Amino acid sequence: MLNDAFLTLRGNLELTDTFGDTISQRHNAVRSAIENLGRSDIETKLIGSLQRQTRVHPRQGDVFDIDVLVVLGSFYNWLHPGDPTGITPQMAMDSAHSLVGESDRYSAMNPQQDHPTVTFSYADDVKVELVPAYKDKIGRSPAGVPHTPVDRGYWVPNSSGGWDFADYDYDAAYVSAVNKNSSGLFIPLVKMLKAIKRTHFPAMKSYHLEVVAANVVPGILADFQRRNVALTYPNLVAAFLHGSDNHLFIPLTLPGSNSPAVEPDPLAKVQIADVLTSLKERSKQALLSGGDTEKQRVWREIFGDAMPAI
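Residues numbered from 1 in each chain as written. Predicted model: local features only at pLDDT ≥ 70, side-chain atom pairs only at ≥ 80, totals over all residues. Heavy atoms only, no water.

1. Here we look at the packing of aromatic side chains
Okay, step 1: Applying the stated criterion across every chain yields a total of 14 aromatic pairs.
Okay, step 2: A ring pair is formed by F75 and W163, whose centres lie 5.0 Å apart and whose planes are at 90°; its orientation type is edge-to-face. Here the residue F75 occupies a position in strand 2 (residues 64–75), and W163 occupies one in strand 7 (residues 163–166), the gap between them amounting to 88 residues.
Okay, step 3: Since its relative accessible area comes to 14%, W163 is described here as buried.
Okay, step 4: Judged by centre distance (6.2 Å) and plane angle (90°), the ring pair of Y134 and W163 falls under edge-to-face. Taken together, the residues Y134 in strand 5 (residues 126–136) and W163 in strand 7 connect sequence positions 29 residues apart.
Okay, step 5: Clustering of aromatic rings is evident, with ring pairs tying together F75, W78, Y134, W155, W163 and F165.
Okay, step 6: Looking at R55, its charged tip hangs above the ring of F64, at a distance of 4.6 Å from the centre. (Phe/Tyr/Trp six-rings, centres within 6.5 Å; stacked < 30°, edge-to-face > 60°. Helix = DSSP H or I, 4+ residues; strand = E, 2+ residues; numbered from the N terminus. Buried < 20%, exposed > 50% of the residue type's maximum accessible area, 1.4 Å probe, protein only. Lys NZ or Arg CZ within 6 Å of the ring centre and 35° of its normal.)

2. Re the pattern of salt bridges
Okay, step 1: Counted by the stated rule, this structure contains 18 salt bridges.
Okay, step 2: D151 is the salt-bridge partner of K137, the closest N and O atoms lying 2.8 Å from each other. Highlighted residues: K137 in the loop between strand 5 and strand 6 (154–157) and D151 in the loop between strand 5 and strand 6, separated in sequence by 14 residues.
Okay, step 3: Assessed through its relative accessible area of 29%, K137 is described here as partly exposed.
Okay, step 4: Residue classification places D151 among the partly exposed residues on the basis of a relative accessible area of 35%.
Okay, step 5: Note that K280 and D245 form a salt bridge whose closest N and O atoms lie 2.4 Å from each other. Taken together, the residues K280 in helix 11 (residues 266–288) and D245 in helix 10 (residues 245–248) connect sequence positions 35 residues apart. (Salt bridge = Lys/Arg side-chain N within 4 Å of Asp/Glu carboxyl O.)

3. Overview of the nonpolar core
Okay, step 1: Formed by 52 residues in total, the largest nonpolar core has its most connected members in F6, F186, V237, F240, W299 and F303.
Okay, step 2: Contributions of two or more residues to this core are made by helix 1 (2–13), helix 6 (168–181), helix 7 (186–200), helix 8 (206–227), helix 9 (233–243), helix 11 and helix 12 (292–303).
Okay, step 3: Looking at which element gives the most residues to this core, the answer is helix 8, with 10 residues.
Okay, step 4: Of all hydrophobic cores here, the second largest spans 31 residues; its members include V30, I66, V68 and A96. (Core = buried A, V, L, I, M, F, W, Y, C linked by side-chain atoms within 4.5 Å.)

4. Re the environment of E281
Okay, step 1: Take E281: it is sitting in helix 11.
Okay, step 2: Residues E281 and F64, 217 residues apart in the sequence, show an inter-C-alpha distance of 33 Å.

5. Here we look at helix 12
Okay, step 1: Under the 1.5 Å per step criterion, the end-to-end length of helix 12 is 16 Å for 12 residues, consistent within 8% with the ideal 16 Å.
Okay, step 2: Here helix 12 has its buried residues at K295, Q296, V298, W299, I302 and F303. Projected onto a plane normal to the axis of helix 12, the buried residues spread over an arc of 165° and lie on a single side.
Okay, step 3: With its phi angle positive at about 85°, G304 sits one or two positions after the end of helix 12. (Expected span 1.5 Å × (residues − 1). Arc of directions from axis to C-beta.)

6. Some thoughts on the packing of helix 7 against helix 9
Okay, step 1: Look at helix 7 against helix 9: their axes get within 11 Å of each other, and the N-to-C directions meet at 60°. As the angle between them shows, helix 7 and helix 9 are arranged oblique. Note on packing geometry: the crossing formed by helix 7 with helix 9 is right-handed. Contacts between helix 7 and helix 9 involve P188, L189, M192, L193 and I196 from the former and Y233, L236, V237 and F240 from the latter. (Axes fitted to C-alpha atoms, helices over the stretch in contact; angles between N-to-C directions. Parallel < 35°, antiparallel > 145°, perpendicular 65-115°, else oblique. Left-handed = near helix turned anticlockwise from the far one by under 90°. Contact = heavy atoms within 4.5 Å.)

Okay, here's the thing in structure tokens:
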């Protein structure tokens, strides 16, 4: 009974085929609009949780974001600030905005610059966020901080008017590798943790939770295998809640990633601190409760409505 409930939970958190079709259609439409302007040199790709395959199915009334990287070219060297031949973050934003603004379809949707993205929304609560980017061919930041390898990541505008490095493709490959090494358990587990996040500490960014999970879960799996503990979702969720304290409040990156470190903002820290002890106690109770009915009741308190009712 409890196993069936977790399988239902897992299914409830998966994107439906309808959403999968919507994502593909909207992305292809953006790509076609850009290519129809004679800009076949511009590359587009899905990024974020869609690229990492960790997106959770939205709840009723939630806005569903589709993040699309728009690769406008490559950066080969940094110029001095104010050099008229350089490309500024605002110029990148203007370029992405112009691409959709020249399309009859998207200009009618009133695309807006919402740094660091260009956004437009559909009537069905789907919002497309375009992220202008330039492929890295430099291997160091504007301040001279080096990173390797060259030609792996992207420079994207940030909300402060500067450039951030984004290792999107590496990050997605790393999550995929962790999932493969966990026999396919990691990505569904991340989605379950996101269900807990949106119920109990919604201020935490989903990507941050993924980074924490990628740092914590491999160690949990190794410990389970060493102690011959069953690799079940209840055991894994409880172990994460009990073993993630030292990772939730510090800057973290995916191992080997050149993306900026993430950490919770003050509101997220407060929310996590307020509920973490309770979540630990309830997950322990859910593991030790006598019958499946009581276990499922407690797990539903932890996961919220995504977990089926008894």
